[in-house]
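# Examining the three-dimensional arrangement
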Number of protein chains: 2
Amino acid sequence: MSDTLSVSAFLAAVNFNADGLVPVIAQDAENGDVLMMAWMNYQTLAETLRTGQLTYWSRSRSERWRKGETSGHTQELVEAGIDCDGDTLLFRVRQKGPACHTGARSCFYRRLDTPASEAGDRGR
Amino acid sequence: MSDTLSVSAFLAAVNFNADGLVPVIAQDAENGDVLMMAWMNYQTLAETLRTGQLTYWSRSRSERWRKGETSGHTQELVEAGIDCDGDTLLFRVRQKGPACHTGARSCFYRRLDTPASEAGDRGR
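Residues numbered from 1 in each chain as written. Chains lettered and ligands numbered in written order. Predicted model: local features only at pLDDT ≥ 70, side-chain atom pairs only at ≥ 80, totals over all residues. Heavy atoms only, no water.

## Section: the overall build of chain A
Quick reminder of the rule: For helices the rule is a DSSP run of H or I covering at least 4 residues; for strands it is a run of E covering at least 2, with both sets numbered from the N terminus onward. We call a residue buried when its accessible area falls under 20% of the maximum for its residue type, exposed when it is over 50%, and partly exposed in between, using a 1.4 Å probe and counting protein chains only. The sign given to each residue is positive for Lys and Arg and negative for Asp and Glu; His and the chain ends receive no count. The atom standing in for a charge is NZ when the residue is Lys, CZ when it is Arg, CG when it is Asp and CD when it is Glu.
Helix and strand content of chain A: 3 helices and 8 strands. Going from the N terminus to the C terminus, chain A shows its helices and strands as β-α-β-β-α-β-β-β-β-β-α. Principal-axis analysis of the C-alpha atoms gives chain A an extent of 50 × 35 × 30 Å. Per-residue burial for chain A yields a buried fraction of 51% across its 124 residues. Between the mean site of the 14 positive side-chain charges and the mean site of the 16 negative ones, chain A shows a separation of 6 Å.

Right, here's the structure in full:
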């Protein structure tokens, strides 16, 4: 089950929140790893779709930032998805270098140390 | 690069937003597909970690909901991750049936129809 949308239909399908923002999940197109989650407004989303370079809105600095603009760790758009109610986007990307400012490949490098083993025990 | 946290350290690491909520990305532990994004408050997050069953907070209904409670399409926790600044969670899950209320396996079944081919063209 997969529906395809034009750029205008895609933009129209987005339900921006009260601050005019939508969360974007960036997923590594090569191995499926979730790299990071950040926010876009209408303008940075339209710029991302137009340029193919992931461009976000910084809530803390209240400014546009193109991923990798200073670090060189750019994200090239491979596939843009939108969820059933239009309030979350899923972008598959070609990530150059680490996605995280800490130098980690993914921002999700911290994990709870118990559930996997517990889940494994449950399955036995 | 991967750090492991105890349950208490994990809970303490979460930066809930002004509404006391944190976005949670649910990823299929089997194939890496991103299934959905929803929200948890402190209580439903603690319940999720304690029970191993993904339990969210509905912003529209202002109530707790355990995934699959009515549909049977439960999500069992396999691995819980948290991002560098603690404001997004990534939970790998065993998804029973479809994750989306539309019946789609993933909520992200709608896609922009151009970028993949454009990105491919760029690479040539």
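## What about the relation of the copies chain A and chain B?
Counted only if it meets this: Here the copies were fitted onto each other by least squares, based on C-alpha atoms from residues at pLDDT of at least 70 in both. Any two residues having at least one pair of non-hydrogen atoms within 4.5 Å are treated as being in contact.
Here chain A sits on chain B after a turn of 180 degrees about the axis and a move of 0.0 Å along it, with an RMSD of 0.0 Å. On this basis, the relationship between the two copies can be described by a two-fold rotation axis. Closest approach to the rotation axis within chain A is made by the C-alpha atom of Gly-32 of chain A, at a distance of 2.8 Å. Both copies present the same face, since 100% of the interface residues in chain A are matched by interface residues at the equivalent positions in chain B.

These results come straight from atomic positions and should not be treated as a statement about function.
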